[in-house]
Amino acid sequence: MSRSAPKGLPSSPARSSEVPARRGQGGSSPQASTALLRTSKLVKVYRAEGVTVEAVRGVDIELAIGEFVAIMGPSGSGKSTLLHVLGGLEPATSGEIWLRGQRVDRLSMAAWAVLRRQHIGFVFQFFNLLSNMTVADNVELPALLAGATPRQARKRREELLTELGIADRAGAAPARLSGGEQQRVALARALANEPSLLLADEPTGNLDSSNTRDVLRLLRRAHAGGQSILMVTHDARVASLADRVINLFDGMVADDAKIVPIPRTMNGVGNVLELRG
Amino acid sequence: MRQPLLALLAKEPAHGYELKLALEQTFGQAYPSPNIGQIYVTLKRLEQDGLVRSEDVEQTTRPNKRVYELTPAGREALRAWVGEPSDGPRVRDEFFIKLILAPMAGLADRMELMNSQRRHYLGIMRNLIELQADTDPADTTGRLLIEGAVLHLQADLDWLERCQEELV
């Protein structure tokens, strides 16, 4: 099972409404085989010193190829844990995870590492760039680890940094960059191997509003280019760009719904900015 | 609508249509386009209240137009309006009242109410983000209005989360 990965971000952003129609309101489906990612009764329990915490309690979610899904919910609702389990950073306690038609929840940590290298890009709130390497090396590393030649890795890195508007920072150390620039580098690194799935954990959580707007624009372009995205966020600006929002509460799915824009004439800004008097 | 019209008339006398154009120019596309009928009705009421006065100005090729100007009482009312602090965030919230009362009356489930409200907020947020992307960066008034609306919506969503934590 393969997909045509985007070769880069398209130069003109398309509205998400132009993305092909996809299956509706989550849950299980008879056509589940077309899902990029699917979980069944997923559970994650932490046990430490006699204390048991059920962080994820029986989650069934699905992500179609090319879909952008946001996960929201109060702190402690299990959002980040869910994302980490889906990326193989922590093992599931029980239940199933299917990625690209393959069952992956029983993989060893080493097998997960290989899977991530080939198919999963990760973006974190605190960027997690390697501080003793240049921006260019940070972005090239995943491709090199996945077996690309240095020439291929360099070419891809140059494309990505140019598209993200930070080509001039290639030789800099990450610490010399602003938060917004560091997050763009992290995004370039996550996209370097043309992953089937981009997992993002509060990617704008540490950014001011102008940097958030930049990252928003980039995510929108990546999505318009066909990138599948699963993102945990508190930021409604980011979540509102998703095709679907899943609300997690107490480790379970409380809501799973498409975002339906309210027609501007009906509500939009007119009501929000209504004048009194 | 009353105070913005008074404020525009404080600058110079004008007729109804000029006031509509001035409002549109000042606030840009982020502001709901004022209805000309509503402007005339408001001007009439302001005149009844003694805050503006008007006179017909003859025009050679077109029907007469009615030009409005501020009265001293109007200027005083405007000064008082500008000087008084504006309302803070609303305390009485219609959704919250539904959230509290509807389950008591057996009319709805709280989780369902919160879910549908969240969906609605996110739909509005999508509009605002698209409007923001379409807004000319040079249109400072428009950008600030949208940013204000975005921040209010984010606060509403955060509060919804708090309600979820406490009430479910």
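The rules we used
Residues numbered from 1 in each chain as written. Chains lettered and ligands numbered in written order. Predicted model: local features only at pLDDT ≥ 70, side-chain atom pairs only at ≥ 80, totals over all residues. Helix = DSSP H or I, 4+ residues; strand = E, 2+ residues; numbered from the N terminus. Buried ≥ 20, exposed ≤ 12 C-beta atoms within 10 Å, placed from the backbone. Pairing = 2+ DSSP bridges. Axes fitted to C-alpha atoms, helices over the stretch in contact; angles between N-to-C directions. Contact = placed C-beta atoms within 7 Å. Domains from an automatic or database assignment. Nonpolar A, V, L, I, M, F, W, Y, C, P; charged D, E, K, R; others polar. pLDDT = per-residue confidence, 0-100. Parallel < 35°, antiparallel > 145°, perpendicular 65-115°, else oblique. Left-handed = near helix turned anticlockwise from the far one by under 90°. Expected span 1.5 Å × (residues − 1).

Visitor: Got a minute to help me understand the overall build of chain A in this structure?
Guide: On a plain count of helices and strands, chain A comes out with eight helices and 11 strands. Out of the 277 residues belonging to chain A, those deemed buried represent 45%.

Visitor: Could you clarify how one ought to interpret the sheet that holds strand β9 (residues 228–232) of chain A in this entry?
Guide: Strand pairing in a sheet relies on backbone hydrogen bonds, with the paired strands running either antiparallel or parallel. Residues and elements named next belong to chain A. Taken together, the six strands give an open sheet; going across it, the order is β7-β8-β9-β4-β10-β11, and neighbouring strands pair in mixed fashion. Each having just a single partner strand, β7 (120–123) and β11 (252–258) make up the two edges of the open sheet. On average, adjacent strands in this sheet sit at an angle of 15° to one another, irrespective of strand direction.

Visitor: Please explain the environment of A:Glu62 as it appears in this structure.
Guide: Residues and elements named next belong to chain A. Mapped onto the elements of the fold, Glu 62 is located in strand β3 (residues 62–64). What makes Glu 62 buried here is the crowd of 24 C-beta atoms within 10 Å. Placed 10 residues apart in sequence, Glu 62 and Thr 52 show a C-alpha to C-alpha distance of 27 Å.

Visitor: What is the right way to look at unusual backbone geometry in this model?
Guide: Residues and elements named next belong to chain A. Even without glycine at this site, Lys 41 takes up a positive phi of about 50°. Structurally, Lys 41 is set in strand β1 (residues 35–48). On the neighbour-count criterion, Lys 41 (12 C-beta atoms within 10 Å) is exposed. In this structure, Asp 250 is a non-glycine residue whose phi angle is positive, near 60°. Note on placement: Asp 250 falls in the loop between β10 (244–249) and β11. When the 16 C-beta atoms within 10 Å are taken as the criterion, Asp 250 is described as partly exposed.

Visitor: Hey, could you run me through the environment of A:Trp98 in this one?
Guide: Residue and element names in this part refer to chain A. Turning to its location among the elements, Trp 98 is positioned in strand β5 (residues 94–99). For Trp 98 and Arg 154, which are 56 residues apart along the polypeptide, the C-alpha to C-alpha distance reads 32 Å. Those residues in contact with Trp 98 that sit more than four places away from it in its chain are Arg 38, Arg 103 and Val 104.

Visitor: Help me understand the domain arrangement of chain B, please; the structure alone is not making it clear to me.
Guide: Bring the parts together and some accessible area is lost; that lost area is often taken as the interface size. With domains assigned, chain B is organised as domain 1 (2–83) and domain 2 (94–167). For domain 1 of chain B and domain 2 of chain B, the distance between their C-alpha centroids amounts to 33 Å.

Visitor: In this structure, what is going on with the interface of chain A and chain B? I would like to understand it.
Guide: Chain A puts 26 residues into the contact, and the matching count from chain B is 31 residues. Contributions of two or more residues to the side of chain A that touches chain B are made by α7 (236–239), β10, β11 and α8 (268–272) of chain A. Here the residues of the side of chain A that touches chain B are counted per class, giving 16 nonpolar, six polar and four charged.

Visitor: Hey, could you run me through the sheet that holds strand β3 (residues 65–70) of chain B in this one?
Guide: Residues and elements named next belong to chain B. Reading across from one edge, β1-β3-β2 is the order of the three strands in this open sheet, with antiparallel pairing throughout. The strands lining the two open edges of the sheet, one partner per strand, are β1 (14–15) and β2 (52–57). Summarising the sheet, β1 and β3 pair through two bridges and their orientation is antiparallel. Opposite Ala 14, over in β3, you have Tyr 68 as the bridge partner. Here helix α1 (residues 2–11) sits on the sheet in contact with β1, β2 and β3, set at roughly 90° to β3.

Visitor: In this structure, what is going on with the confidence of the model for chain A? I would like to understand it.
Guide: Caution is warranted with low-pLDDT regions, since their predicted coordinates should not be read in detail. Residue and element names in this part refer to chain A. Mean pLDDT over chain A stands at 84; residues scoring 70 or higher make up 83%. With pLDDT under 50 throughout, residues 1–8 is counted as low confidence; its partners more than four residues away or in other chains account for 11 contacts. Counting contacts from residues 266–277, a segment whose pLDDT is below 50, to residues more than four positions away or on other chains yields 24 contacts.

Visitor: Any chance you could explain the packing of helix α6 (residues 110–134) of chain B against helix α7 (residues 140–167) of chain B here in plain terms?
Guide: Residue and element names in this part refer to chain B. Packing of α6 against α7 leaves a shortest axis separation of 10 Å and a crossing angle of 165°. Taken as axis vectors, α6 and α7 run roughly antiparallel relative to one another. Seen from above, α6 lies across α7 with left-handed handedness. From α6, Arg 110, Met 114, Gln 117, Arg 118, Tyr 121, Ile 124, Met 125, Leu 128, Leu 131 and Gln 132 reach across to α7, where they touch Ile 146, Ala 149, Val 150, Leu 153, Asp 156, Leu 157, Leu 160, Cys 163, Gln 164 and Leu 167.

Visitor: Explanation requested: helix α4 (residues 72–83) of chain B in the structure shown.
Guide: Since one α-helical turn is 3.6 residues long, residues separated by three or four positions face the same way. Spanning 12 residues, α4(B) covers 16 Å between terminal C-alpha atoms, matching the ideal 16 Å at 1.5 Å per step. Burial within α4(B) is sparse, with just one of its 12 residues counted as buried.

Visitor: Just to check I follow, could you spell out the pairing of strand β2 (residues 51–59) of chain A for this structure?
Guide: Each regular strand shows side chains that alternate between the opposite faces of the sheet. Residues and elements named next belong to chain A. Here seven bridges tie β1 to β2, and the two strands are oriented antiparallel to one another. Counted as the bridge partner of Lys 44 is Val 56 from β2. In textbook terms, the turn of a hairpin is the stretch between consecutive antiparallel strands, and for β1 and β2 this stretch comprises two residues, one of which, Glu 49, has a positive phi near 45°.

Visitor: Which parts of the structure should I look at to understand the environment of A:Val215?
Guide: Mapped onto the fold, A:Val215 is located in helix α6 (residues 209–224). In this structure the C-alpha to C-alpha distance between A:Val215 and A:Pro261, which are 46 residues apart in sequence, comes to 21 Å.

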